[in-house]
Amino acid sequence: MTAASIAAPPAAAHSVDQATLRRAIAASALGNATEWFDYGIYAYGVTYISAALFPGNVDDAVLFALATFAISFLVRPLGGLFWGPLGDRMGRKSVLALTILMMSGATLAVGLIPSYASIGFWAPTLLILLRMVQGFSTGGEYGGAATFMAEYAPDDRRGFYGSFLEFGTLAGFSFGALLMLGFSLLLGDDAMYQWGWRVPFLVAAPMGLIGMYLRARMEDTPIFREDGHASGKAETPRLAQLLARHWRPMLVVGGLVVALNVVNYTLLSYMPTYLQRRIGLTTDEALVVPIIGMVFMMIFLPFAGHLSDRVGRRAMWRVSLLSLLVGVVPLYMLMATGLVGAIVGFVLLGLCYVPQLATISATFPALFPTSVRFAGFAIAYNVSTSLFGGTAPAIGSGLISWTGNELMPAFLMMAACLVGLAALRFMPETAGRSLREDPFARP
């Protein structure tokens, strides 16, 4: 029996027309793309940003810039605490319209910060403040977008449709990377260090406006409206009640997110810096390698999402975690051999990661009942991400400097995968099940 065959009875099914479903997917994915567009241009422009906005020598400035990247993640739990309950009370789409405006506005403002040579310590201070605004808005963005998409998708195809949220993740990240690489090739290093790095940040404004327009045109999800929240009839539990009643799914999500986002931010955000400063690739080569890898990942995401509807989410996560646990050190060693080895190694690492990435928005929202879905997911996801995911690039870089071992990021990923495997043991299978069910409810 496949996971999809354990579907909810017809009475519990919901359906929307294909045009509405496509708009919901686009509205969710574009917001996620905007969020990751910022991560892409920051990660791929960190050398230029650190030189423009931080004092000190090159190594110290890059480490400061990576630490600033991590600081934004420390604010994400506050965003989850604020936006999550608000989204369960007021509606998913209202929160998502606000978060995408905050994200894109803060990204635009980063590109307008005067240099350290012009305003001194105010330059890194402003960057830190803007990264905190981005972190606060992102605390509601991802959980809301995944919840929105999951509640619109049919139960038996939630994995397939949910994979397009992560397609938007990689599309936004790749677009940011391509912009930074394109300007680097077009303008050269001198112009990039002086002003060229700022231009990609300015693209965030129109992306945010388009995303807000798409989201404003959508109705809230059918399940949210049916549950009585849209009319104000349903009560949203307070934080203490959420933790008391739903601590099991929150712990499971938190553990899985340790694996998910340590791999994610090490692989996507830190890799350009690692390839350039630790492996010795040129700036442009270090940007090209992850772009090629992300293209391969984008191709396979919908297939992995569709497969998860047939074999279940647990099987996909187990294969991904075990393959990374076994393969990450050899593949890091392969990347150290040169440009071709770096491309092959990154592609294979990315494909090992795809079964996790493709199923996030189908897996995590389904672990919570409707009344606390946004809040439970957003809080658990962002607390774990802030502690382990966003700090992974800075920790990986710091461990290399401390030990002199270039494989420390690989060992960090292995440790995270062990945590993920432990959490997976307690995760119920949700493929094919209705979102109206609580998979952790006792019979």
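These figures come from a predicted structure and were not determined experimentally. (Residues numbered from 1 in each chain as written. Predicted model: local features only at pLDDT ≥ 70, side-chain atom pairs only at ≥ 80, totals over all residues. Heavy atoms only, no water.)

*Asks:* Give a detailed account of the overall build of the chain, specifying residues and quantitative values.
*Replies:* Across its full length, the chain carries 20 helices and 0 strands. For 443 residues, the compact-globule formula gives about 22 Å, and the C-alpha radius of gyration of the chain, at 21 Å, lands near that figure. If one aligns the C-alpha atoms of the chain with their principal axes, the spans along those axes are about 65 × 45 × 40 Å. In the chain, buried positions account for 60% of the 443 residues. Partitioning the intrachain contacts of the chain with sequence separation of at least 6 by distance along the chain shows that 85% fall at a separation of at least 24. Accessible surface for the chain amounts to roughly 16300 Å². Of this, 69% is attributable to carbon and sulfur atoms. In the chain, the 28 positive side-chain charges and the 25 negative ones have mean positions that sit 8 Å from each other. (Helix = DSSP H or I, 4+ residues; strand = E, 2+ residues; numbered from the N terminus. Rg over C-alpha atoms; globule rule 2.2 N^0.38 Å. Buried < 20%, exposed > 50% of the residue type's maximum accessible area, 1.4 Å probe, protein only. Contact = heavy atoms within 4.5 Å. Areas by Shrake-Rupley, 256 points an atom, 1.4 Å probe, with all protein chains shown as cover. Lys, Arg positive; Asp, Glu negative; His and termini not counted. Charge placed at Lys NZ, Arg CZ, Asp CG, Glu CD.)

*Asks:* Explain the packing of aromatic side chains to me, using residue names and the numbers behind them.
*Replies:* The final tally for this structure, using the stated rule, is 20 aromatic pairs. Here Phe 82 and Phe 136 contribute two aromatic rings whose centre-to-centre distance is 5.6 Å and whose plane-to-plane angle is 35°, an arrangement assigned as tilted. Highlighted residues: Phe 82 in helix H4 (residues 76-90) and Phe 136 in helix H7 (residues 122-152), separated in sequence by 54 residues. Accessibility expressed as a relative area gives 43% for Phe 82, which makes it partly exposed. Geometrically, the ring pair formed by Phe 164 and Phe 167 is tilted, given 6.3 Å between the ring centres and 50° between the ring planes. In this pair, Phe 164 and Phe 167 are both assigned in helix H8 (residues 158-194), 3 residues apart and thus about one turn of the helix distant. In this structure an aromatic cluster arises from ring pairing among Tyr 142, Trp 317, Phe 364, Phe 377 and Tyr 381. (Phe/Tyr/Trp six-rings, centres within 6.5 Å; stacked < 30°, edge-to-face > 60°.)

*Asks:* Describe the side chain of Asp 88, and please don't skip the residues or the numbers.
*Replies:* Note that Asp 88 resides in helix H4. With relative accessibility at 0%, the residue Asp 88 sits in the buried group. In terms of polar contacts, Asp 88 uses its side chain to reach the backbone amide nitrogen of Ala 375, at 2.9 Å. (Polar contact = N/O pair within 3.5 Å; in protein donor to acceptor, adjacent residues only side chain to side chain.)

*Asks:* Go over the pattern of salt bridges, please, and point to the residues and values.
*Replies:* Counted according to the given criterion, the structure contains 8 salt bridges. The residue Arg 158 makes a salt bridge to Asp 155 at a minimum N-O spacing of 2.5 Å. Accessibility classification places Arg 158 together with Asp 155 in one group, the buried group. The shortest N-O distance in the salt bridge between Arg 313 and Asp 309 comes to 3.0 Å. This pair shows no difference in class: Arg 313 is buried, exactly as Asp 309 is. One salt-bridge network, held together by shared partners, links Asp 88, Arg 92, Glu 151 and Arg 373. (Salt bridge = Lys/Arg side-chain N within 4 Å of Asp/Glu carboxyl O.)

*Asks:* Before we move on, could you go through the packing of helix H5 (residues 92-110) against H7 and cite the residues and values that matter?
*Replies:* H7 packs onto H5 with a crossing angle of 145° between their chain directions and a minimal axis gap of 8 Å. Crossing of H5 against H7: the hand is left-handed. Tallied by class, the residues present in the contact of H5 with H7 amount to 13 nonpolar, 8 polar and 4 charged. (Axes fitted to C-alpha atoms, helices over the stretch in contact; angles between N-to-C directions. Left-handed = near helix turned anticlockwise from the far one by under 90°. Nonpolar A, V, L, I, M, F, W, Y, C, P; charged D, E, K, R; others polar.)

*Asks:* Which residues make up the confidence of the model for the chain, and what are the values?
*Replies:* When pLDDT is averaged across the chain, the result is 84; 91% of the residues are at 70 or more. Per-element averaging of pLDDT across the chain places helix H3 (residues 58-74) at the bottom with 71 and helix H15 (residues 313-335) at the top with 95. Segment residues 1-13 is flagged for pLDDT under 50; beyond a separation of four residues in sequence, or across chains, it makes 22 contacts in the model. (pLDDT = per-residue confidence, 0-100.)

*Asks:* Give a detailed account of the packing of H8 against helix H14 (residues 283-311), specifying residues and quantitative values.
*Replies:* Put simply, H8 and H14 touch, their axes get as near as 8 Å, and they point 170° apart. As judged from the angle between their axes, H8 and H14 are roughly antiparallel. The residue makeup of the contact of H8 with H14, split by class, is 18 nonpolar, 7 polar and 4 charged. (Parallel < 35°, antiparallel > 145°, perpendicular 65-115°, else oblique.)

*Asks:* Give me the environment of Leu 407: which residues, what numbers.
*Replies:* Relative to the elements of secondary structure, Leu 407 occurs in the loop between helix H19 (392-403) and helix H20 (408-424). In sequence terms Leu 407 and Arg 76 are 331 residues apart; their C-alpha atoms lie 29 Å from each other. Ignoring anything within four residues of it in the chain, the contact list for Leu 407 reads Val 329, Tyr 332 and Met 333.

*Asks:* Summarise the side chain of Arg 158; cite the residues concerned and give the values.
*Replies:* With respect to the helices, strands and loops of the structure, Arg 158 is situated in helix H8. Within the structure, the side chain of Arg 158 is placed 2.5 Å from the side chain of Asp 155, a separation counted as a polar contact. A distance of 3.0 Å separates the side chain of Arg 158 from the backbone oxygen of Arg 433, its partner in a polar contact. Once you skip the residues sitting within four places of it in the chain, Arg 158 turns out to touch Ala 150, Ala 153, Asp 309, Arg 313, Ala 362, Ala 366, Thr 430, Arg 433, Ser 434 and Leu 435.

*Asks:* Can you break down the nonpolar core residue by residue, with the values?
*Replies:* Core analysis: the biggest nonpolar cluster contains 117 residues, and Tyr 44, Leu 53, Leu 275, Tyr 332 and Phe 364 have the highest contact counts within it. Per-element tally for this core: the top contributor is helix H13 (residues 247-279), with 18 residues. Of all hydrophobic cores here, the second largest spans 5 residues; its members include Trp 83, Leu 86, Val 95 and Ala 378. (Core = buried A, V, L, I, M, F, W, Y, C linked by side-chain atoms within 4.5 Å.)

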